[in-house]
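Chains, contacts and geometry: an overview
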Amino acid sequence: MLVAMSVGATEEEIEDVKAHIAAEGLTAHESRGMERVVIGVVGDVGGRKERVMGRLSALPGVDSVTPISRPFKLASRELHPNDTIVRVMGTPIGDGSLTLMAGPCSVESREQLFETADAVLAAGGTVLRGGAFKPRTSPYSFQGLGVEGLRYLAEARERTGLPVITEVMEPTDVPVVAEYADILQVGTRNMQNFPLLTAVGRARKPVMLKRGLAATLEEWLMSAEYILSSGNPDVILCERGIRTFDTWSRNTLDLTAVPLLHHATHLPVIVDPSHATGKRWLVRPMALAGVAAGADGIMVEVHPRPDEALSDGEQSLTLEQLTTLAPMLRAVHEGVRGLAKDPLLAR
Ligand code: PEP
Ligand code: MN
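Just so you know, these numbers come straight off a predicted model, no measurement behind them.

The next subject is helix α8 (residues 257-264). Buried within α8 are the following residues: Ala-257, Val-258, Leu-261, His-262 and Ala-264. Lining the buried residues of α8 we find α7 (217-229), β12 (235-239) and β13 (269-271).

Below you can see the structure in the form of structure tokens.
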């Protein structure tokens, strides 16, 4: 539920409300707007809802108490009307600027990563991606370099100044991945790995949560809620295509998700046209479409020699293709800036 304090409520009144919430075994999340303080109440109220709402409404300084209609409380715009801006090494994500995450599917060698990282930096990329722990469909496929790959990512950050994002697959790997990476990626296959979500929720690094292959938007946001409720406010969502009946593309990019998410949640939304399409020639149009739909950023796979890539070569852009794509993305972003996210559209 949401407790809206009256304009001019005193600090004592605000603290008193929070104390009453804590006494019920619930958690208070305060947000200070221009005019008034709103306190979100999160936890399992069960059959106590009416009584708790009645008690809080009667406290001095309380203007109104209303239920939050969404099951994902902390992720919802009802509780947190303003956009979340995630800051990574000084780079904001979700502030209206365009985030461009690019890099190889897998970190294969220091040379391959450095060559790619230099091109990502030159193209104006803002985050370097690269998988060290790889979730492969086949146990016989390249599984990633593991900690060696994390070390190369850290070296590439030193070299370029770009923050790095990489996937973590196991709760027990969270500390080591968080030691090297700037953003922890939770992959599609792990969107509902609840122990992993809780573990990254306890980490002190931002998390990018990719949509499950067959997850509804609500299931996805409930997974984000696991991370948020474990104490990590810095969650980024990534739409990477879902499984549908068509076979001409690897997945189906659900771009309707972008405005729907902006309407329902304050969390930044990134679009990954590489895993969504599985084909290099489809990446550019769908990346541009993602920006036009109002995404806060794009994640694309790039490789110096895609034909030799150890994973996802077919969907990886060449370095030259990234160089031509980046200014096109910026041009579309310039054109739609603010428009696609306009709350008027939601009326
Ligand atoms: C990836 O980004 O490398 C990846 C494995 O993506 P997804 O989890 O979306 O398949
Ligand atoms: Mn990949």
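Don't stop here, the text continues.
Here we come to the coordination of the manganese ion (ligand 2). Protein ligation of the manganese ion (ligand 2) involves Cys-105 (SG), His-275 (NE2), Glu-301 (OE) and Asp-312 (OD), the donor distances falling in the range 2.0 to 2.4 Å. One chain supplies every donor for the manganese ion (ligand 2), spaced along it as C-x169-H-x25-E-x10-D. Linking Cys-105 in the loop between β7 (99-103) and α3 (110-122) with His-275 in helix α9 (residues 273-277), this pair joins segments that are 170 residues apart in sequence. There is no split in this pair, since Cys-105 and His-275 are both buried.

Time to look at the site of ligand 1. Residues in close proximity to ligand 1 include Arg-129, Lys-134, Pro-135, Glu-167, Gln-185, Gly-187, Thr-188, Arg-189, Lys-210, Arg-240, His-275 and Glu-301, which together make up its full environment. Within the contact set of ligand 1, an oxygen atom lies 2.6 Å away from a side-chain nitrogen or oxygen of Arg-240. For ligand 1, whose unbound accessible area comes to 290 Å², protein coverage reaches 97%. Here the shell around ligand 1 is composed, by residue class, of one nonpolar, four polar and seven charged.

Time to look at unusual backbone geometry. The phi angle of most residues is negative, glycine excepted, and most peptide bonds adopt the trans form. A positive phi angle is found at Met-89, which is not glycine, with a value near 45 degrees. Among the structural elements, Met-89 can be located in the loop between β5 (86-88) and β6 (91-93). You can call Met-89 partly exposed: its relative accessible area is 45%. Even without being a glycine, Asp-312 presents a positive backbone phi close to 55 degrees.

Turning our attention to the pairing of strand β2 (residues 27-32). Bridge analysis of β2 against strand β3 (residues 37-42) gives six bridges, and the strand direction is antiparallel. Each bridged residue has a counterpart across the sheet, and for Glu-30 the counterpart in β3 is Ile-39. Where β2 folds back on β3, the antiparallel hairpin that results is connected by four residues.

Next up on the list: the packing of α3 against helix α4 (residues 147-160). Running from N to C, α3 and α4 cross one another at 35 degrees; their axes reach a closest spacing of 10 Å. At the point where α3 passes α4, the crossing takes the right-handed sense. In this structure, α3 uses Arg-110, Leu-113, Phe-114, Ala-117, Asp-118 and Leu-121 to contact α4, whose residues at the interface are Tyr-152, Leu-153, Glu-155, Ala-156, Arg-159 and Thr-160. By residue class, the composition of the contact of α3 with α4 is seven nonpolar, one polar and four charged.

What counts and how
Residues numbered from 1 in each chain as written. Chains lettered and ligands numbered in written order. Predicted model: local features only at pLDDT ≥ 70, side-chain atom pairs only at ≥ 80, totals over all residues. Heavy atoms only, no water. Buried < 20%, exposed > 50% of the residue type's maximum accessible area, 1.4 Å probe, protein only. Helix = DSSP H or I, 4+ residues; strand = E, 2+ residues; numbered from the N terminus. Contact = heavy atoms within 4.5 Å. Donors = N, O, S within 2.8 Å, 3.2 Å for Na, K, Ca; no water. Near = heavy atom within 4 Å. Polar contact = N/O pair within 3.5 Å; in protein donor to acceptor, adjacent residues only side chain to side chain. Areas by Shrake-Rupley, 256 points an atom, 1.4 Å probe, with all protein chains shown as cover. Nonpolar A, V, L, I, M, F, W, Y, C, P; charged D, E, K, R; others polar. Pairing = 2+ DSSP bridges. Axes fitted to C-alpha atoms, helices over the stretch in contact; angles between N-to-C directions. Left-handed = near helix turned anticlockwise from the far one by under 90°.

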